[in-house]
Amino acid sequence: MPANYSGTWDIVDNENFEGYMVALGIDFATRKIAGMLKPQKIVEQDGDSFNIKTLTSFRNYTTSFKIGEEFEEITKGLDNKKCQTTVNWDNDKLVCVQKGEKKNRGWTHWMEGDTLYLELKCEDQICKQTYKRTA
Ligand code: ECB
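Draft legend 1. Quick peek at the overall build of the protein. Summing up its helical and strand segments, the protein has two helices and ten strands in all. In the protein, the order of α-helices and β-strands from amino to carboxyl end is β-α-α-β-β-β-β-β-β-β-β-β. At 14 Å, the protein has a C-alpha radius of gyration in line with the 14 Å of a compact globule built from 135 residues. On the principal axes, the C-alpha backbone points of the protein span a range of 45 × 30 × 25 Å. Counting over 135 residues, the protein shows a buried share of 41%. Of the contacts made within the protein by residues no fewer than 6 positions apart, 41% connect residues no fewer than 24 positions apart. In the form shown here, the protein has an accessible surface area of approximately 7500 Å², with 49% of it arising from carbon and sulfur atoms. Here the protein carries 19 positive and 21 negative side-chain charges, and the mean point of each set is 5 Å from the other.

What follows is the structure, encoded as structure tokens:
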């Protein structure tokens, strides 16, 4: 049985989101707005099938995937790039690789009790986000 990430998660910490956005090539004005946001994650999981919604007052972003199946991800409303994306289990961690224009791009999720962690990386930048379960 894989870990179950289903739930509603509210951000409580967001370290180096600015550096991550710079690495993605996000313009100054957008970074200033985005840096103020308090994203909420809504994860719907059925075994190895996932829907992850990232909701904010400015923009929303949704991705759907199955573990181990590469798909074309368009990062619409983020940096608007095309990636060949694959998510795999590493024990109970979710490890995503986003192949595309940017080197070393991807993210990792893991849970400890009612805390959800997300590390987002691009080039030489790592953004570390922490979420608490609210439902
Ligand atoms: C939709 C959330 C924030 C919108 C910010 C708008 C503009 C900034 C542009 C780019 C910033 C880069 C990424 C935003 C950070 C998070 C969005 C989703 C990150 C992600 O890939 O989450 C994964 C793992 O939970 C599922 O898609």
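Following the structure, the description resumes.
Draft legend 2. Region of interest: the side chain of Lys 102. Within the element layout of this structure, Lys 102 appears in the loop between strand 7 (93-99) and strand 8 (106-112). Of the buried charged residues, Lys 102 lacks a salt bridge, with Glu 101 as the closest side chain of opposite charge at 4.3 Å. Not counting the four nearest positions on each side in its chain, Lys 102 is found in contact with Ala 23, Leu 24, Lys 81, Cys 122 and Glu 123.

Draft legend 3. The pattern of salt bridges, seen in detail. One pass over the full model with this rule turns up eight salt bridges. In this structure, the salt-bridge partner of Lys 32 is Glu 18, at a minimum N-O distance of 3.7 Å. Here Lys 32, found in helix 2 (residues 28-34), pairs with Glu 18, found in helix 1 (residues 17-24); they are 14 residues apart in sequence, far enough to count as distant. Note that Asp 79 is salt-bridged to Arg 105, the shortest N-O span being 2.8 Å. Taken together, the residues span a long stretch of sequence, with Asp 79 in the loop between strand 5 (71-74) and strand 6 (82-90) and Arg 105 in the loop between strand 7 and strand 8 at a distance of 26 residues. Like Asp 79, the residue Arg 105 is buried in the burial classification.

Draft legend 4. Region of interest: the site of the ligand. The ligand sits among 22 residues. The nearest are Ile 26, Lys 41, Arg 59, Thr 63 and His 109. Note that an oxygen atom of the ligand is positioned 2.7 Å from one of the side-chain N or O atoms of His 109. Here the ligand, which alone exposes 640 Å², has 98% of that area covered by the protein. When atom positions are compared with the pocket grids, the ligand is found to occupy the largest cavity. For the shell around the ligand, the elements supplying multiple residues, two or more each, are helix 1, helix 2, strand 3 (49-55), strand 4 (61-66), strand 8 and strand 9 (115-122). When residues in the shell around the ligand are grouped by element, the largest group, four residues, is from helix 1. For the shell around the ligand, the residue count by class is 13 nonpolar, seven polar and two charged.

Draft legend 5. Expanded view of empty space enclosed by the protein. In this structure the tally under the stated criterion is one cavity of 30 Å³ or more. In this structure, the largest cavity spans a volume of roughly 610 Å³. As for the largest cavity, its lining consists of 30 residues, of which Phe 17, Tyr 20, Thr 54, Tyr 61 and Leu 78 are closest to the centre. Those elements that place two or more of their residues in the lining of the largest cavity are helix 1, helix 2, strand 3, strand 4, strand 8, strand 9 and strand 10 (125-133). Sort the elements by how many residues they give to the lining of the largest cavity and helix 1 lands first, with four residues. For the lining of the largest cavity, the per-class residue count stands at 16 nonpolar, ten polar and four charged.

Analysis parameters
Residues numbered from 1 in each chain as written. Predicted model: local features only at pLDDT ≥ 70, side-chain atom pairs only at ≥ 80, totals over all residues. Heavy atoms only, no water. Helix = DSSP H or I, 4+ residues; strand = E, 2+ residues; numbered from the N terminus. Rg over C-alpha atoms; globule rule 2.2 N^0.38 Å. Buried < 20%, exposed > 50% of the residue type's maximum accessible area, 1.4 Å probe, protein only. Contact = heavy atoms within 4.5 Å. Areas by Shrake-Rupley, 256 points an atom, 1.4 Å probe, with all protein chains shown as cover. Lys, Arg positive; Asp, Glu negative; His and termini not counted. Charge placed at Lys NZ, Arg CZ, Asp CG, Glu CD. Salt bridge = Lys/Arg side-chain N within 4 Å of Asp/Glu carboxyl O. Near = heavy atom within 4 Å. Polar contact = N/O pair within 3.5 Å; in protein donor to acceptor, adjacent residues only side chain to side chain. 1 Å grid on protein atoms, 1.4 Å probe; cavity = no way out; pocket = protein on both sides within 12 Å on 5 of 7 lines; lining within 4 Å. Sits in = over half its atoms within 2 Å of the grid points. Nonpolar A, V, L, I, M, F, W, Y, C, P; charged D, E, K, R; others polar. Points joined across faces, edges and corners; volume = space filled by probe spheres on them.

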